[in-house]
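Analysis of the macromolecular model
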Amino acid sequence: GLEGAVDEEGEMLPRPPVVTIMGHVDHGKTSLLDALRKTDVAAREAGGITQHIGAYQVEVPGGGKVTFIDTPGHEAFTAMRARGASVTDMVVLVVAADDGVMPQTIEAIKHARAAEVPLIVAVNKIDKQGVNLDRVRNELLQHEIVVESLGGDVQEIQVSALKGTNLDKLLEAILLQAEILDLRANPARAGEGTVIESKLDRGRGPVATVLVQKGTLSTGDIVVAGSEWGRVRALVDDKGRPAKVAGPSAPVEVLGLSGVPGAGETVLAVESEARAREVSEFRQRKAREKTAAAISAGRGTLSDMLARIQAGQQKEVAVVVKADVQGSAEAINATLSKLGNEEVRVRVLHSAVGQITESDVQLAKASNAVVVAFNVRATAQAREMAQRDGVDIRYYSIIYQVQDDIEALYKSRLAPVQRENFIGYASILQVFEVKRLGKVAGCRVTEGVVKRGCGVRLIREGVVIHEGELSTLRRFKDDVKEVTNGYECGMGFRNYDDIRIGDQIECFETETVAAA
Ligand code: GDP
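Attention in this report is confined to the structure presented alongside it. Keep in mind that this is a model prediction, so the values were computed, not measured.

Each value, and the rule that gives it
- Residues numbered from 1 in each chain as written.
- Predicted model: local features only at pLDDT ≥ 70, side-chain atom pairs only at ≥ 80, totals over all residues.
- Axes fitted to C-alpha atoms, helices over the stretch in contact; angles between N-to-C directions.
- Helix = DSSP H or I, 4+ residues; strand = E, 2+ residues; numbered from the N terminus.
- Parallel < 35°, antiparallel > 145°, perpendicular 65-115°, else oblique.
- Left-handed = near helix turned anticlockwise from the far one by under 90°.
- Contact = placed C-beta atoms within 7 Å.
- Nonpolar A, V, L, I, M, F, W, Y, C, P; charged D, E, K, R; others polar.
- Pairing = 2+ DSSP bridges.
- Core = buried A, V, L, I, M, F, W, Y, C linked by C-beta atoms within 7 Å.
- Buried ≥ 20, exposed ≤ 12 C-beta atoms within 10 Å, placed from the backbone.
- Near = placed C-beta within 6 Å.
- Arc of directions from axis to C-beta.

Description of the packing of helix H10 (residues 358-366) against helix H11 (residues 380-389)
Between H10 and H11, whose axes approach to 8 Å, the crossing angle comes to 20 degrees. In this view, H10 runs roughly parallel relative to H11, as classed from their interaxial angle. By crossing handedness, the relation of H10 to H11 is classed as right-handed. Residues Glu-358, Asp-360, Val-361 and Lys-365 of H10 form the contact with H11, whose participating residues are Gln-381, Ala-382, Met-385, Ala-386 and Asp-389. A breakdown of the residues in the contact of H10 with H11 according to their chemical character gives four nonpolar, one polar and four charged.

Listed below in structure tokens is the structure:
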């Protein structure tokens, strides 16, 4: 196809592993990246000048090499994956020995799992007094990470980033894992890779750090990066040295592009300028079409996903499940696991009880997944994030509808759906007994607008406890048609009066949306 590069003759040779370090904040990711960088034999010979270019490579005594993505945490990892790029071969999960498994540790485990890359556990800060390794191991076990000492196959290395303890062991573990994965590439073919970082440099113009994944990039090559292109004027390695070539798994700065490509974009060496122009125009057109399609369909990732499945570019419908109780989560998982066909599989990335949080949305975004919400709602921050990032959250209260919807997705058609439009949110500040009306909630509208007769759901601690209609809407003593954000009002609910201070009220209107 148009995206295909020239493939020359050549052998698939072992290539260095590409590693991302993840873990909870303050567990030592940055310290470990810094400490590992200092172990590099080659840098010491070169005088030790290391540059931050987004990734670096260390050479271990004996000659093996490891490439580290030099941005700790989930951001870079998820941003890349959201663009469909898989750059990491494995994750080093840093867990501080004195702190154990924390929320972002669990997130990191989920991200690694969603990306289907293996994990190595680095228990950090072992120089500290009174650390309890068994506790850490057992906490990991609760998240199905079984380390070798407990009979599992996950390597666990005890390190101190601060004192530089056991960094050689960690590097050995990484190289061992790489051997198991049998990572190979053909260095003889045209270079191909992914943009890790990019910037517009005053003196040097557009600069993109590219992680080479296939083949070899050379100065003088004509490359396309995202929808930018150019002739490679210079390559600069992670030690700030000019390079003539960069082979598989090498991070390298590329100079000479027409503009600044985004992180996660694909880089490709092509045979001619005409070809570069063609590929870049093709990509620009595709990007425009994708935006236009998303806007006209108004359904964000769902229609994107549909388009990708129809075009044969996507083979999987990924789902994040959040439900009000364990029983419904299990029922949904069971339903979803029965779906799929020869072409498309349905995969549950994560399933849990509770409201939808930002980390759910982040996970969904990274994996192009849909969030299935069963009788639960998103936090305000998660909702905002989902809107901004185009993550589709689908709300359900009936299990067979989940099945219908997901089935419709992979069968590449969308059935007409009853779509809800959220119009506003309010919170209950007070509860009154009113003659003839029963209980009335004294509320403040916190978002959007509340309309007389609209659909309402009562949400207590993120869980939907009632769904129905408004019976009354008042400002002071007057019945009103609507109340907007910031104002207080009285609300009564048809045939329902278990209301409490602190409950959230979600207001919605329904419309029927035709098939796509
Ligand atoms: P990050 O947020 O995961 O990148 O964590 P940092 O690398 O910024 O480290 C957080 C804090 O832990 C800093 O004060 C570090 O000095 C400290 N720290 C990191 N590694 C070690 C270690 O091995 N031992 C001890 N005692 N402290 C460490």
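Here we look at the sheet that holds strand E4 (residues 65-69)
Read from one edge to the other, the open sheet built from six strands follows the order E3-E4-E2-E5-E6-E7, with strand pairing classed as mixed. The sheet is open, and its two edges are formed by strand E3 (55-59) and strand E7 (156-158), each paired on a single side. Across the sheet, the axes of successive neighbouring strands diverge by a mean angle of 30 degrees, strand direction being ignored. Bridge count for strand E6 (residues 119-124) against E7 is three bridges, and the pairing is parallel. Each bridged residue has a counterpart across the sheet, and for Val-123 the counterpart in E7 is Gln-158. Along the sheet, helix H1 (residues 29-38) makes contact with strand E2 (18-23), E3, E4, strand E5 (90-96) and E6, crossing E2 at roughly 150 degrees. Strands E2, E4, E5, E6 and E7 of the sheet are contacted by helix H6 (residues 167-181), whose axis makes an angle of about 170 degrees with E6.

Looking at the nonpolar core
Across soluble globular proteins, you tend to see nonpolar side chains buried next to one another. Grouped together as the largest cluster of nonpolar side chains are 128 residues, with contacts concentrated most on Leu-93, Val-121, Ala-122, Val-210, Val-223, Val-319 and Val-371. Ranked by residues supplied to this core, first place goes to E5 with seven residues. Excluding residues within four positions of it along the chain, Leu-93 makes contact with Met-22, Gly-23, Thr-105, Ala-108, Ile-109, Leu-119, Val-121 and Ala-122.

A look at the site of the ligand
Taken together, 16 residues are adjacent to the ligand, and Gly-28, Lys-29, Thr-30, Ser-31 and Leu-162 come closest. Take the shell around the ligand: its biggest share by element is three residues, from H1. Looking at the shell around the ligand residue by residue, the classes come out as four nonpolar, seven polar and five charged.

What about the sheet that holds strand E18 (residues 316-323)?
Strand order in this open sheet of four strands is E19-E18-E20-E21, and the pairing throughout is parallel. Lying at the two open borders of the sheet, with one neighbouring strand each, are strand E19 (345-353) and strand E21 (393-396). Between one strand axis and the next, the sheet turns by 25 degrees as a mean value, whatever way the strands run. As paired strands, E18 and E19 are joined by eight bridges and run parallel to one another. Within E19, the position partnered with Lys-322 by the bridge is Ala-352. Lying on the sheet, helix H9 (residues 326-337) is in contact with E18, E19 and strand E20 (370-374); it crosses E19 at an angle near 175 degrees.

Focus on H11
Where H11 is concerned, the buried positions are Ala-382, Met-385 and Ala-386. Seen from one end, H11 has its buried residues packed into an arc of 100 degrees, which puts them on one side. Summarising the geometry of H11, the exposed residues directed more than 90 degrees from the buried face are Ala-380 and Arg-388. Looking at the buried residues of H11, the elements they touch are H10 and E21. In the stretch just after H11, Gly-390 is the one whose phi turns positive, near 65 degrees.

As for the packing of helix H4 (residues 103-115) against H10
In contact at an axis separation of 10 Å, H4 and H10 are set at 20 degrees when each is read in the N-to-C sense. Relative to H10, H4 is oriented roughly parallel. Note on packing geometry: the crossing formed by H4 with H10 is right-handed. Between H4 and H10, the residues in contact are Glu-107, Lys-110, His-111 and Ala-114 and Ser-359, Leu-363 and Ala-366, respectively.

Points about unusual backbone geometry
Residues other than glycine seldom take positive phi values, yet Ser-249 does so here, at roughly 75 degrees. Backbone geometry at Asn-368 places phi at a positive 50 degrees, although glycine is not the residue there. By the secondary structure assignment, Asn-368 is in the loop between H10 and E20. Looking at Asn-368, the number of C-beta atoms within 10 Å reads 21, which means it is buried.

Quick word on the pairing of E5
Counting buried residues in E5 gives seven out of seven residues, a clear majority hidden from the surface. Both faces of E5 are covered, namely the face carrying Met-90, Val-92, Val-94 and Ala-96 and the face carrying Val-91, Leu-93 and Val-95. The pairing of E2 with E5 spans five bridges and is parallel. By the bridge assignment, Met-22 is partnered in E5 with Leu-93. Strand direction decides the pairing type here: E5 and E6, joined by six bridges, are parallel.

Things to note about H10
An α-helical segment advances 3.6 residues per turn. Residues three or four places apart therefore align on the same side. Within H10, seven of the nine residues are buried, which leaves it mostly tucked inside the rest of the structure. Within the span of H10, buried status applies to Asp-360, Val-361, Gln-362, Leu-363, Ala-364, Lys-365 and Ala-366. Asn-368, located one to two residues past H10, shows a positive phi value of around 50 degrees.

Side note on the environment of Leu-217
Checked against the element boundaries, Leu-217 lands in strand E11 (residues 217-218). For Leu-217, a count of 26 C-beta atoms within 10 Å translates into the label buried. In this structure, the C-alpha to C-alpha distance between Leu-217 and Pro-187, residues 30 residues apart in sequence, is 9.2 Å. What Leu-217 contacts, discounting residues up to four positions off in sequence, is Gly-191, Gly-193, Val-210, Val-212, Val-232, Leu-235, Val-245, Ala-246, Val-252 and Ala-269.

Brief notes about the environment of Ala-208
Tracing the backbone through its elements, the reader meets Ala-208 in strand E10 (residues 205-214). Accessibility expressed as a C-beta count within 10 Å gives 31 for Ala-208, which makes it buried. With 47 residues separating them in the primary sequence, Ala-208 and Leu-255 have C-alpha atoms 7.0 Å apart. If we ignore the near neighbours within four places in the chain, the residues touching Ala-208 are Val-195, Ser-198, Ala-225, Val-254, Leu-257 and Pro-261.

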